[in-house]
Amino acid sequence: MLSELALTGVSNFVTLNLGKVLLDDLLALLSSSKASVRKKSVIALYKVCLQHPDALPLVLPRLREKCKDPDPTVQSSVISIFCELSQKNPKDFLCLAPIFYSMLKNSSTWMLIKIIKIFNRLMPLEPRLAKKLISPLTEIISTTPSLALLYETISAALHALSRRENLMQLCASKLSSFFERDDHNLRYLGLHALKKVMKINLELAIPQMDLILQCLESSDEVILFQSVDLLLGLLSKENFKKIIDRLCATVQTSDSTDFRDEVASRIISTCQRHHCSHMVDFSWYFDTLLLLVERCGPEQGERIIEELRHVVVRVPDVRPHAVRRMEHFLMSFPAEESIFVLFSLAVWICSAYPQLVENPVELFEHFMSSESSIVDLPSRVQAVYLQNTLKFFVSLRPSQSKSYTLSHRYLQHMQFFMDSFAPEVRERSNNIYQLMLLFLSKEDKENFIASLLHVFEETPKWNSEGQKPLQPPQPRGLSASPPAELVSSSDEQCIGSLLSDQQETFENEKAADAFDKEKICAQERRHNANFYLPCSPESTSAASLEKLTLEDLKIPATCAARKTDKNKKSKEAFKKG
C-alpha cells in the first residue's frame with residue numbers, strides 16, 4: 001500500500017534530479033508480484049521520461065516486456081504510454097510493430113483505439129506495414145459496434161490507405177452510423193470524417209448529402225458550419241439550386257446574426273465562382289439574394305445590395321423581373337415588413353430602366369404621397385432617392401397635358417427635403433426645386449425635357465470585350481521614338497530635346513563611373529606593389545640574394561627609407577629597455 005502511494009506521489013512531483021535517482025528503483029518495481037504496483041511503476045516511468053528523455057533507451061526494452069504482462073491493466077497502461085510517446089518520434093516505435101500487430105486480435109476496445117492510433121503514425125513510415133494492415137482494418141470497420149473505434153479505424157484508413165477504392169467505399173458507407181443518433185459529438189465526428197473523404201474522392205461523399213442536409217436542423221453552430229462547408233463542396237449543376245435553397249431556408253430560421261451573415265457571404269462567393277458557371281436561372285438568383293438581405297445584418301446587407309445591382313447591370317434578361325419585383329416593393333412601401341436597405345436599390349433600378357415599369361405614373365404618385373415616410377430614412381438613402389426620382393420624372397415626359405400636374409406635385413414634394421439637416425440632401429433638393437421652377441417657366445418644355453433626357457441617358461451596357469487580356473507592351477529604349485499616333489507634330493521637338501538631354505546625362509554619368517573605377521584601380525596598384533622575389537632557380541641561390549638591390553626588388557625608395565627608420569627606432573628602444 002505504501003509503495004503504491006509513493007509511486008502515485010512520484011508521478012505527480014517528479015523532477016529531473018529525482019528521476020535520475022529513482023530510475024533504477026522504478027525499473028526494479030516492474031518485476032513486482034502485484035499488478036497494481038507494476039501498473040503504477042509504468043506510469044511513474046512515463047513521467048520520468050518526460051523530465052529525463054535520456055532514460056528512454058533504458059525504459060523502452062522493459063516496457064516492451066510488459067506488453068505481454070498477464071494483467072490487462074498493465075498492458076493497457078503500457079500501450080497508453082506508447083501512444084503518447086509516439087506522437088513526438090514515431091520512428092522509435094517502428095520496431096514494436098509486430099507486437100502491436102499481434103495485439104489486434106485479443107484486445108479490448110480501449111486498447112484497440114490506442115493501437116490504431118499508433119499504427120496511424122507508423123504506416124506513413126513503412127509502406128509494407130500499411131499493406132499488412134488492410135485485412136485487420138477492414139475487419140474492424142465491418143464488425144465493430146463501437147463508434148469511437150470505428151472513427152479511429154476510418155481515420156487511419158483515410159490517412160494511409162486512400163488508394164484502396166474498396167476500403168474507401170466501405171469507410172464512406174459506414175459513416176452513416178454517426179448520424180443515426182441525435183448526438184452532437186458523433187455528428188461532428190461524422191462530418192469531420194466526411195470532409196476527409198471529400199478530399200480523397202468527391203463522388204464517395206455525394207450519397208451522404210441527405211445526411212448532411214439533416215445536420216442543418218441542428219442547434220449547434222459548429223455542426224451547422226461544418227455542414228455548410230460540406231454542402232458547398234458538393235455543389236454541381238445538378239444540385240446547385242437544391243443546396244442553395246436549403247441553405248437559404250436555414251438562414252431564414254436561424255437566430256444567430258453571425259451565422260446568417262457568414263452563410264450569406266459563402267453563398268455569394270460560391271455563386272460568383274468561375275464567373276457564375278453553375279448559374280442557370282438569374283431570376284432565381286435575384287430572388288434568393290432578396291431573401292438573404294431580409295435576414296442579414298447591415299454590413300452583409302450592403303454586399304448583397306451590390307451583388308443585386310451587379311446582376312441587374314450585367315444580365316439584361318433579368319431586368320424585367322428585377323424591375324417588376326422592385327416596383328412591387330416600392331408600391332408596398334412603407335409597410336411594416338419593408339426593408340429600408342432595399343429602398344435605394346429599388347429606386348435606382350426603376351429609374352435606370354423606366355421603360356420596364358408597368359405603371360410609372362402610379363409609382364411616381366405613390367412617391368409623392370409617401371414623403372413623410374421617406375423623410376425618416378437615412379440621409380444617404382434620401383440622397384439616392386432624390387437623384388433617381390428626378391431621372392424617373394424626366395422619363396415620364398411631364399410636358400404632356402395628362403401628366404402636367406405631376407410637375408407641381410413634384411415641386412411641392414421637394415419642399416419636404418429642403419430643410420434637411422444633411423447637407424447633401426438639402427443641396428440636391430434645392431437644385432431640383434430650382435430646376436423645376438425653370439421647367440415650369442419654359443414655354444418650349446419639349447426641348448427642355450429632351451435636354452434633360454440627354455443628361456439622364458440609359459445606364460451604359462456592360463462591355464463584353466472589356467475583360468480580354470491586354471497585350472504586353474514592347475520594350476523600348478531611350479533612343480527609340482514613341483508611336484506616331486501618340487505624338488503630334490508640335491510635341492516632336494520637345495520629345496527630341498528631352499531624349500537628347502537624357503542621352504547626354506547618361507553619357508556623363510558613364511564617363512564619371514569610368515573615371516572613378518580607374519582611380520580605384522590605380523590606388524590598388526600602388527598599394528599592392530611587387531614585393532615578391534623572382535621565382536627562377538638562379539635567383540633563389542645565396543650568392544644571388546646577396547647581390548640583390550632595391551632596384552632589383554622594385555621597392556620604392558620612400559618605402560625603403562621608411563623601413564630603415566623603423567628599424568633604427570626599434571633598436572634604440574631595445575637598448576633603452
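Procedures and definitions
Residues numbered from 1 in each chain as written. Predicted model: local features only at pLDDT ≥ 70, side-chain atom pairs only at ≥ 80, totals over all residues. Heavy atoms only, no water. Salt bridge = Lys/Arg side-chain N within 4 Å of Asp/Glu carboxyl O. Helix = DSSP H or I, 4+ residues; strand = E, 2+ residues; numbered from the N terminus. Buried < 20%, exposed > 50% of the residue type's maximum accessible area, 1.4 Å probe, protein only. Core = buried A, V, L, I, M, F, W, Y, C linked by side-chain atoms within 4.5 Å. Contact = heavy atoms within 4.5 Å. Arc of directions from axis to C-beta. Axes fitted to C-alpha atoms, helices over the stretch in contact; angles between N-to-C directions. Parallel < 35°, antiparallel > 145°, perpendicular 65-115°, else oblique. Left-handed = near helix turned anticlockwise from the far one by under 90°. Nonpolar A, V, L, I, M, F, W, Y, C, P; charged D, E, K, R; others polar.

Caption draft 1: Highlighting the pattern of salt bridges. Counted according to the given criterion, the structure contains twelve salt bridges. One salt bridge in this structure joins D210 and K242, with 4.0 Å as the shortest N-O distance. A residue pair is termed long-range when its members are at least 10 positions apart, and D210 in helix α14 (residues 209-215) and K242 in helix α16 (residues 240-253) qualify at 32 residues. Residue K242 is classed as partly exposed on the basis of its relative accessible area, which comes to 45%.

Caption draft 2: Broad picture of the nonpolar core. The biggest cluster of nonpolar side chains holds 163 residues, and the ones touching the most others in it are F82 and F343. If we ignore the near neighbours within four places in the chain, the residues touching F82 are L60, L63, R64, C67, F93, L96, F100 and I118.

Caption draft 3: Structural view of helix α11 (residues 165-174). Residues of α11 that are buried include every one of L167, M168, C171 and A172, and no others. The buried side chains of α11 occupy one side of the element, clustering within an arc of 135° when seen end-on. Residues E165 and N166 are exposed on α11 and point more than 90 degrees away from its buried face. Contacts made by the buried residues of α11 are with α9 (134-143), α10 (147-160), α12 (184-200) and α13 (202-205).

Caption draft 4: Spatial organisation of the packing of helix α17 (residues 257-272) against helix α19 (residues 298-314). Following both chains from N to C, one finds α17 and α19 inclined at 25°, their axes separated by 10 Å at the closest point. Considering their axes alone, α17 and α19 lie roughly parallel with respect to each other. Regarding α17 and α19, the two cross each other, and that crossing is left-handed. Residues D261, A264, S265, I268, S269 and Q272 of α17 pack against Q300, R303, I304 and E307 of α19. Partitioned by chemical class, the residues of the contact of α17 with α19 number three nonpolar, four polar and three charged.

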